Amino acid sequence: MQEALARLKAIREKNLAGGGEKHVERQHARGKLTARERIDLLVDPGTFRELGSCVNTTGRRIDGRETDAPGDGAVVGTAEVDGRPAAVYASDFTVLGGSLGVQHGFKFIKLLELAADWGIPMVWLLDSSGGRLGYRDVPGAGIDWWFALQSRYSGLIPQINVLMGPCIAGQAYCPTLCDFLLMSRGTAHLWLGGPRMTQAATSEKIGDDVGGADYHMMYSGTCDAVGDDDEQSIILARRLLGYLPQNCWEEPPRKIPTDDPVRRTPELYRIVPDDDDAPYDVRRVIECLVDDGEYFEIKADYAEQIVTCFARFDGRVTGLAANNPARPGGLDIDACDKLYRFIEICDAYRIPLVTLVDTPAVVPGEDQEALGLIRHLAKVVDLYATSIVPKISLVLRRAAADAGGIVMGMVKGMGVDVSYAWPLAGYAVEASSIDLRRVPGLGVEDDAYEGYLNRAREEVDVFEAARSWTAQVVDEIIDPRDSRIKIIEALAVTRGKRKTLPRRAKAHGCSPT
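Values in this document were obtained by computation on a predicted structure and should not be read as measured data. All residue numbers refer to position in the chain's written sequence, counted from 1. With pLDDT at 70 or above as the cut-off, local features in this predicted model cover only qualifying residues; side-chain atom pairs require 80 or more to be listed or tallied, and sums for whole chains, interfaces and linings still use all residues. Each side-chain value is worked out from all heavy atoms of the structure, with water and hydrogens disregarded.

A few words now on the overall build of the protein. Secondary structure counts use DSSP, requiring at least four H or I residues in a row for a helix and at least two E residues in a row for a strand, with both numbered from the N terminus. Of the regular secondary structure elements, the protein holds 17 helices and 21 strands. Classification of residues uses two cut-offs on accessible area relative to the type maximum, computed with a 1.4 Å probe and protein chains only: under 20% is buried, over 50% is exposed, and between them is partly exposed. Evaluated residue by residue, the protein yields a buried proportion of 52% over its 513 residues. In this analysis, two residues are considered to be in contact whenever any of their non-hydrogen atoms come within 4.5 Å of each other. Expressed as a percentage of contacts within the protein between residues at least 6 apart in sequence, the contacts between residues at least 24 apart total 74%. Accessible surface area values rest on a Shrake-Rupley calculation with a 1.4 Å probe, where residue burial reflects the displayed protein chains alone. On the protein, roughly 23,800 Å² of surface is accessible, and the fraction owed to carbon and sulfur atoms is 54%.

The subject of this paragraph is the nonpolar core. Within the largest apolar cluster, 102 residues are counted, with the highest numbers of intra-cluster contacts made by Tyr89, Met122, Leu125, Trp146, Phe310 and Tyr427. For Met122, the contacting residues outside a window of four places in its chain are Ala87, Val88, Tyr89, Phe108, Leu111, Leu112, Ala115, Ile157, Pro158, Gln159 and Ile160. Residues grouped as a nonpolar core are buried Ala, Val, Leu, Ile, Met, Phe, Trp, Tyr and Cys residues, joined through side-chain atoms within 4.5 Å. Membership of the second largest hydrophobic core comes to 30 residues, among which are Leu268, Leu320, Val354 and Leu356.

Next up on the list: the pairing of strand E13 (residues 306-313). With respect to burial, E13 is a largely interior element, eight of its eight residues being buried. Only strands joined by at least two bridges in the DSSP assignment are considered to pair. Pairing analysis gives eight bridges linking E13 to strand E14 (residues 316-323), with the strands arranged antiparallel. Its bridge partner being in E14, Cys309 is matched across the sheet by Leu320. Once E13 ends, the chain turns through two residues before running back antiparallel as E14, passing Asp314 with a positive phi of about 55°.

Further remarks concern empty space enclosed by the protein. With a 1 Å grid spanning the protein atoms alone, the term cavity applies to any set of points in which a 1.4 Å probe fits but cannot get out, the term pocket to an open set with protein on both sides within 12 Å along at least five of seven lines, and the term lining residue to any residue with an atom within 4 Å of a point. Grid points are joined across faces, edges and corners, and a volume is the space filled by probe spheres set on the points. Tallied over the entire structure, the rule returns four cavities of 30 Å³ or more. When its volume is computed, the largest cavity comes out at roughly 50 Å³. Lining the largest cavity are Asn15, Arg36, Glu50, Gly52, Ser53, Pro70, Gly71, Gly73, Ala74, Val75, Asp92 and Lys107. The class makeup of the residues in the lining of the largest cavity is three nonpolar, five polar and four charged. Three classes are used: nonpolar for Ala, Val, Leu, Ile, Met, Phe, Trp, Tyr, Cys and Pro, charged for Asp, Glu, Lys and Arg, and polar for all others, with Gly counted as polar.

Within the open sheet, the seven strands sit side by side as E1-E4-E5-E6-E7-E9-E11. Their pairing is mixed. If you trace the sheet from one side to the other, it starts and ends with strand E1 (49-51) and strand E11 (225-227), each paired once. Adjacent strand axes in the sheet meet at a mean angle of 20° when their direction is disregarded. Bridging between strand E6 (residues 122-126) and strand E7 (residues 159-163) involves five bridges; their strand directions are parallel. For Val123, the partnering residue across the bridge sits in E7 and is Ile160. Interaxial angles span 0 to 180 degrees and are taken between N-to-C directions of axes, which are lines fitted to C-alpha atoms, for helices over the stretch in contact. Running over the sheet, helix H3 (residues 35-42) touches E1, strand E4 (74-81), strand E5 (84-91) and E6 and is turned about 160° from E5.

On to the packing of helix H12 (residues 333-348) against helix H14 (residues 373-386). Taken N-terminus to C-terminus, the directions of H12 and H14 make an angle of 20°; their axes are 9 Å apart at the nearest point. In terms of their interaxial angle, H12 and H14 are classed as roughly parallel. Regarding H12 and H14, the two cross each other, and that crossing is left-handed. Residue-level inspection shows Ile333, Cys336, Asp337, Leu339, Tyr340, Ile343, Glu344 and Asp347 of H12 in contact with H14, the latter providing Leu373, His376, Leu377, Lys379, Val380, Leu383, Tyr384 and Thr386. Classifying every residue of the contact of H12 with H14 by side-chain character gives 10 nonpolar, two polar and four charged. Note on angle classes: values under 35 degrees are labelled roughly parallel, values over 145 roughly antiparallel, values of 65 to 115 roughly perpendicular, and the remainder oblique. A clockwise turn of the near helix away from the far one marks a right-handed crossing, whereas an anticlockwise turn of less than a right angle marks a left-handed crossing.

Structure (structure tokens):
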């Protein structure tokens, strides 16, 4: 027994050292933490319980050289984050560049299966050079199982990927298959090809910024949040976990509220101008409404004309989607993608949705029409109408159907549970103030100018909309100072909502892509 224990101790000590002091120093010199340092930052002190701590792979390269891979470059296990259990995987870049070998891949695959069985979130701390090329026994290292399980468990347990190094080629699907992708500025890069592969294949030279955190935040919309370094990125992951449930069957964690649920919000008078065309940043409205002014924004620098975030009302987690008049344009293609993904997450994890509606005028233009704006708007219509979580809407000023107001919950027929509006709100079919009668000959009959082109631009006063209950537009006109109070009341009364879609022969419908 003593000999066996000594052997166990020696194996664990070797694996704890990763790739050795030289490679650890090189990792630190790049401004990156080691796999175990990252885990220590993420989890509550002393709670990490490693699985597969004795794995050590000796590989034979095609050129005949033998290599040693402590842990096969992967550290996996369970831990607690803010007192709640989670599964954690960290690739170890000090061991063969964190590359994906057979044992590496199956350590992760088994952990993901266990996380799904146990109903706990899965967190990736990813820093990997990709597939372990040049080895006879590593054709795919189980990456096909990896992708399949990520897809099958999507929406069952939260999957969060914190990328703090390179992620290349086939492995690049992994972060995008997760529910959330957080990236570290300066060290994280996500490519299908990468600069060297792209240049070798096409002779095209791409910039070093392509594939970086800011690139995927501002241009591709793949990234959900950016941290300045490893430490900040991991802290963001801890915060995000605090807004998510353990699985799709549980509710998100409630915090004991420190903000008065009947607090009035008179400052909204100063923040939101009466003039429909005057801009303001809707984030200031959100700060006034939510508990203690705290929220976690998703894709903050992507499609900024819409803001999506998690926050709390009376201690309970809620998703918010809000038009942002500080940025021009209505729901373009990028904004549709952003909104669709956010509603999808909320619906999957039983997170109530609050929409703040203030749609600006929108003129899509030929580029947006050619790229399929109509079907992108339609897919949001499809998702909003079929989502079954509690849905509350508040129209602040203008709600125009063509600018995306209809998919923000401006009308009851879309499935919104409770619809509020401020006294200066107005409803319209079209948001544009352009006089379409000055553009004749576009397929509209001459006698239809007054009947359609003019009437379509009419804005209906909220009091006119509220006069007829059959219009099913607004449930109640409220004083802006009572907005927080009314949202909390609506969330409380809809908390027990249990709705299912009409019985279908198939498991799901076919929404526009």
